[in-house]
Amino acid sequence: PRLLSQFFFADERVTRVVAEINGLDAELDPQQYLVLLNQLHLSQAHLLAVLERIMEECIPTQRHSRDYLVKFPEELLVDNLGNHMLFAAECLLAGTFLEMEESDGAQLRPQARNLLCSLELVRTVLREQSLSQPNSYPEPVRAVLIQFDRLFAEFELSYVSSLVAVKSPDEIYRQQEIIVLFCETVERALRLGYLTQEMIDGYEPLLMFTIPRLAIISGLLIYPEGPLSLERSPEEMSRVFSPFYNLLKKIRDLLRVLSAEELCLLERSLCTAE
């Protein structure tokens with residue numbers, strides 16, 4: 001159950017697979033080479049997962065901030081992002097620039113080198129600690145973990161920023177505005193009886209359509225200064241809504257001519273229509 005013991009065996013697995021790859025002629029046995037590469041990927045992912053748990057146990061209050069993750073596109077926020085970063089660093093150090101300009105890769109190589117050197121130091125220190133005192137984390141161990149955590153975060157932000165357009169502070173704020181709009185829409189729908197708490201607690205599939213529909217009405221009529229404000233230019237709106245700027249204006253103009261009773265009837269129908 002001790003994390004340092006788990007790290008020792010995870011590290012042994014990585015070392016063994018690397019040794020097998022180095023001793024194999026990939027041209028003579030390409031299939032076995034691919035098998036070993038997959039094993040290396042899995043063993044490294046396990047090693048990083050154990051290391052993450054060790055850092056949470058050893059330096060929980062000294063972790064480098066990961067607030068920058070909110071800037072990343074949602075499709076990049078996967079469980080094995082850390083393992084992808086490690087693979088990217090290894091490729092950069094080997095002179096392989098995946099999906100990026102050579103000039104960008106050259107700029108990132110020093111960071112990749114520092115990260116991989118730090119990881120090797122962490123592996124060495126933790127292996128020694130696991131063999132001597134597997135129940136404690138002395139200051140030298142904490143120091144190398146803090147350094148690795150910082151270098152990993154800095155490389156992750158730099159690498160992803162070189163590949164994709166990370167969200168600006170304005171875009172993050174606009175997304176938060178949408179979250180608030182949806183929350184206020186749900187609260188209003190519960191108050192007016194359009195939805196029930198049982199539907200929400202039971203993850204009623206119809207809500208995937210109902211809540212966005214009601215949120216459009218709320219954003220155009222009830223909270224006109226929010227993320228659906230048409231007083232802004234399309235460029236100032238969230239990218240979720242900006243492509244539909246002209247359509248939203250037409251919907252708003254139609255909604256404005258409805259009476260209170262007609263609006264209520266419309267919203268109720270949107271809660272049931274497929």
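Residues numbered from 1 in each chain as written. Predicted model: local features only at pLDDT ≥ 70, side-chain atom pairs only at ≥ 80, totals over all residues. Heavy atoms only, no water.

- Looking at an unreviewed UniProt entry, one finds the protein named LST2 protein and attributed to Certhia brachydactyla.

## Points about the overall build of the protein
Consideration 1: Tallying secondary structure elements over the protein gives 10 helices and zero strands in all.
Consideration 2: In the protein, the succession of α and β elements from N to C terminus is α-α-α-α-α-α-α-α-α-α.
Consideration 3: Relative to its length of 274 residues, the protein is extended, with a C-alpha radius of gyration of 26 Å against a globular reference of 19 Å.
Consideration 4: Once the C-alpha set of the protein is aligned to its principal axes, its extents read approximately 75 × 45 × 40 Å. (Helix = DSSP H or I, 4+ residues; strand = E, 2+ residues; numbered from the N terminus. Rg over C-alpha atoms; globule rule 2.2 N^0.38 Å.)

## Things to note about the side chain of glutamine 44
Consideration 1: Structurally, glutamine 44 can be placed in helix H2 (residues 30–58).
Consideration 2: The contact partners of glutamine 44, leaving out residues within four places of it in the chain, are Val14, Asn83, Leu86 and Glu90. (Contact = heavy atoms within 4.5 Å.)

## Let's talk about helix H6 (residues 169–192)
Consideration 1: For H6, with 24 residues, the first-to-last C-alpha span of 35 Å sits near the 34 Å given by 1.5 Å per residue.
Consideration 2: By the burial criterion, the buried members of H6 are Glu171, Ile172, Arg174, Glu177, Ile178, Leu181, Thr185, Val186, Arg188 and Ala189.
Consideration 3: Residues of H6 that are buried in the fold lie against helix H7 (197–201), helix H8 (207–222) and helix H10 (260–270). (Expected span 1.5 Å × (residues − 1). Buried < 20%, exposed > 50% of the residue type's maximum accessible area, 1.4 Å probe, protein only.)

## Points about the packing of helix H1 (residues 3–22) against helix H4 (residues 102–132)
Working note: a packed helix pair is described by the angle between its axes plus the distance between those axes.
Consideration 1: Between H1 and H4, the least distance of the axes is 9 Å, while the angle of their chain directions is 130°. The angle between H1 and H4 places the two elements in the oblique class. Our pair here, H1 against H4, has a crossing hand that is left-handed. The residues of H4 that touch H1, namely those facing Leu4, Phe7, Phe8, Asp11, Glu12, Val14 and Thr15, are Arg123, Leu126, Arg127, Gln129, Ser130 and Leu131.
Consideration 2: When its residues are assigned to classes, the contact of H1 with H4 shows six nonpolar, three polar and four charged. (Axes fitted to C-alpha atoms, helices over the stretch in contact; angles between N-to-C directions. Parallel < 35°, antiparallel > 145°, perpendicular 65-115°, else oblique. Left-handed = near helix turned anticlockwise from the far one by under 90°. Nonpolar A, V, L, I, M, F, W, Y, C, P; charged D, E, K, R; others polar.)

## Notes on the pattern of salt bridges
Consideration 1: Throughout the structure, instances matching the rule amount to 13 salt bridges.
Consideration 2: Across the pair aspartate 11 and arginine 123 runs a salt bridge whose closest N-O atoms are separated by 2.4 Å. Taken together, the residues span a long stretch of sequence, with aspartate 11 in helix H1 and arginine 123 in helix H4 at a distance of 112 residues.
Consideration 3: Of the residues examined, aspartate 11 reaches a relative accessible area of 1% and is grouped as buried.
Consideration 4: Taking the shortest distance from any N to any O, the salt bridge between arginine 142 and glutamate 139 comes out at 3.6 Å. Separated by three residues within a single helix, arginine 142 and glutamate 139 lie in helix H5 (residues 139–163), roughly one turn from each other.
Consideration 5: Of the residues examined, glutamate 139 reaches a relative accessible area of 52% and is grouped as exposed.
Consideration 6: One network of salt bridges, with partners in common, ties together Asp11, Glu12, Glu120, Arg123 and Arg127. (Salt bridge = Lys/Arg side-chain N within 4 Å of Asp/Glu carboxyl O.)

## Things to note about unusual backbone geometry
Consideration 1: For tyrosine 203, which is not glycine, the phi dihedral falls at a positive 50°.
Consideration 2: The exposed category is assigned to tyrosine 203, whose relative accessible area is 71%.

## Looking at the packing of aromatic side chains
Consideration 1: One pass over the structure, following the stated rule, counts three aromatic pairs.
Consideration 2: Residues phenylalanine 8 and phenylalanine 9 carry aromatic rings whose centres are separated by 5.4 Å and whose planes lie at 90° to one another, so their mutual orientation is edge-to-face.
Consideration 3: The exposure class of phenylalanine 8 is buried, given its relative accessible area of 17%.
Consideration 4: For phenylalanine 9, a relative accessible area of 59% puts it in the exposed group. (Phe/Tyr/Trp six-rings, centres within 6.5 Å; stacked < 30°, edge-to-face > 60°.)

## Topic: the nonpolar core
Consideration 1: The biggest cluster of nonpolar side chains holds 44 residues, and the ones touching the most others in it are Leu51, Ile54, Leu126, Leu145, Phe148 and Phe155.
Consideration 2: For this core, the secondary structure elements donating two or more residues are H1, H2, helix H3 (81–93), H4 and H5.
Consideration 3: With 10 residues, the top contributor of residues to this core is H5.
Consideration 4: When residues no more than four places from it in sequence are discounted, the contact partners of leucine 126 are Leu4, Phe7, Leu51, Ile54, Val141 and Leu145.
Consideration 5: By size, the runner-up hydrophobic cluster in this structure holds 14 residues, among which are Leu220, Tyr245, Leu248 and Leu263. (Core = buried A, V, L, I, M, F, W, Y, C linked by side-chain atoms within 4.5 Å.)

## Structural notes on the environment of leucine 221
Consideration 1: Assignment of secondary structure puts leucine 221 in helix H8.
Consideration 2: In this structure, the C-alpha to C-alpha distance between leucine 221 and aspartate 253, residues 32 residues apart in sequence, is 10.0 Å.
Consideration 3: Leaving out residues up to four positions away in the same chain, leucine 221 has contacts with Leu255, Arg256 and Leu263.

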